[in-house]
Amino acid sequence: GIVGLGRVGAEVASRMKSFGMQILAYDPFVTEEKAQHMGLTLAPLETVLREADFITVHTPLTNETRNLIDEDEFKIMKDGVRIVNCARGGIINEAALARAVAEGKVAGAAVDVFTKEPPTGNPLLEQNGIIATPHLGASTAEAQINVALAVADQILAIARGGLPTNAINMPAISPEALAVMEP
Ligand code: 9EZ
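The paragraphs below set out a description of the structure included in this document. Just so we're clear, the structure is a prediction, and the values are computed from it rather than from any experiment. (Residues numbered from 1 in each chain as written. Predicted model: local features only at pLDDT ≥ 70, side-chain atom pairs only at ≥ 80, totals over all residues. Heavy atoms only, no water.)

**Digging into the layout of surface pockets**
Sizing a probe to match a water molecule and rolling it over the atoms shows the empty space that remains. Definition in use: The method works on a 1 Å grid over the protein atoms by themselves. A cavity is a set of points holding a 1.4 Å probe that cannot get out, a pocket is an open set with protein on both sides within 12 Å along at least five of seven lines, and residues with an atom within 4 Å of a point line them. Grid points are joined across faces, edges and corners, and a volume is the space filled by probe spheres set on the points. Helix and strand labels come from DSSP, where a helix needs a run of H or I of at least four residues and a strand needs a run of E of at least two; each type is numbered from the N terminus. Three residue categories are used. Nonpolar comprises Ala, Val, Leu, Ile, Met, Phe, Trp, Tyr, Cys and Pro, charged comprises Asp, Glu, Lys and Arg, and polar comprises the others, including Gly.
Space inside the largest pocket adds up to approximately 1,100 Å³. Together, 35 residues line the largest pocket, and Arg-7, Val-8, His-58, Ala-87 and Arg-88 are the ones closest to its centre. Of all the elements in the fold, those that place two or more residues in the lining of the largest pocket are helix H1 (7-18) and helix H6 (141-159). Split into classes, the residues belonging to the lining of the largest pocket amount to 15 nonpolar, 12 polar and eight charged. Estimated volume of the second largest pocket: approximately 200 Å³. If you trace the second largest pocket, you find it lined by Gly-1, Met-16, Met-21, Gln-22, Ile-23, Leu-24, Glu-51, Ala-52, Asp-53 and Phe-54.

**Regarding the pairing of strand S4 (residues 54-57)**
Using the following cut-off: By this definition, two strands are paired if DSSP reports at least two bridges between them.
Alignment of strand S1 (residues 2-3) against S4, held across two bridges, turns out to be parallel. Note on S4: the bridge partner recorded for Ile-2 is Thr-56. Note that S4 and strand S5 (residues 81-85) share four bridges and pair parallel. By the bridge assignment for S5, Phe-54 is matched with Arg-82.

**Here's the deal with the pattern of salt bridges**
Condition: One speaks of a salt bridge when a side-chain nitrogen belonging to Lys or Arg is within 4 Å of a carboxyl oxygen belonging to Asp or Glu. Here the term buried applies to any residue with accessible area under 20% of the maximum for its type, exposed to any over 50%, and partly exposed to those in between, with areas from a 1.4 Å probe on protein chains only.
For the structure on display, the rule yields six salt bridges. As a salt-bridge pair, Glu-46 and Arg-50 come within 2.6 Å of each other at their nearest N and O atoms. With Glu-46 and Arg-50 both in helix H3 (residues 45-51) and four residues apart, the pair spans about one turn of that helix. Taking the relative accessible area as the measure of exposure, Glu-46 reaches 43% and is therefore partly exposed. For Arg-50, a relative accessible area of 41% gives the class partly exposed. The closest approach of N and O atoms between Lys-78 and Asp-53, which form a salt bridge, is 3.0 Å. Of the two residues, Lys-78 sits in the loop between helix H4 (71-76) and S5 while Asp-53 sits in the loop between H3 and S4, which places them 25 residues apart along the sequence. Relative accessible area serves as the criterion here: at 45%, Asp-53 is assigned to the partly exposed category.

**So, a nonpolar patch on the surface**
For clarity, the cut-off: A patch consists of residues whose relative accessible area exceeds 30% and which take part in no salt bridge; residues with like charges are grouped when within 9 Å of each other, and nonpolar side chains (Val, Leu, Ile, Met, Phe, Trp, Tyr) when within 5 Å. Shrake-Rupley sampling with a 1.4 Å probe provides the accessible areas, and residues are treated as covered by the protein chains on show and by no other component.
On the surface, a cluster of nonpolar side chains totalling about 340 Å² of accessible area is made up of Phe-19, Met-21 and Phe-54. As for its position among the elements, Phe-54 is in strand S4. Phe-54 gets classed as partly exposed once you look at its relative accessible area, which sits at 42%.

Printed below as a string of structure tokens:
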């Protein structure tokens, strides 16, 4: 089961297919046509959670995806499901995941990302059955080059009169358009 079929989710799908896995995926922004191209089955989130043996999340962290997988979601999963979060800390509620593994509902989990990093005092680190890595997805030479290029692209875009598209404290919208929206 894949939740979120963007750039990374789609790459994961291709690798899962190479292992002969059947893929159920949920992404509200992906069309049936694109899913067919990727050779996978789109399904509602609830169906993915109910039927998958392995669940991996690949969404951004937004107010909609924070705690997307929480207590109630673990309840409907198969017993012995395995869980992966190599996307963003907090998509899967950490306390709920730690409990689900402790209770044996979840057979194992692999977690690279945490709500607070580095993850000092995190319940996931105390729980047997969880493999934890220190946000290694951001630590490859390739990832660091991509981040450096993205920063350089942003600075160039702004210097040429464009807009920042990835600022956390500023909307990607022109001051003129923003003024029209102001109450
Ligand atoms: C949300 C998403 C995918 C998703 C994907 C993108 C903003 N956003 N949200 C819930 N680009 C799966 C489940």
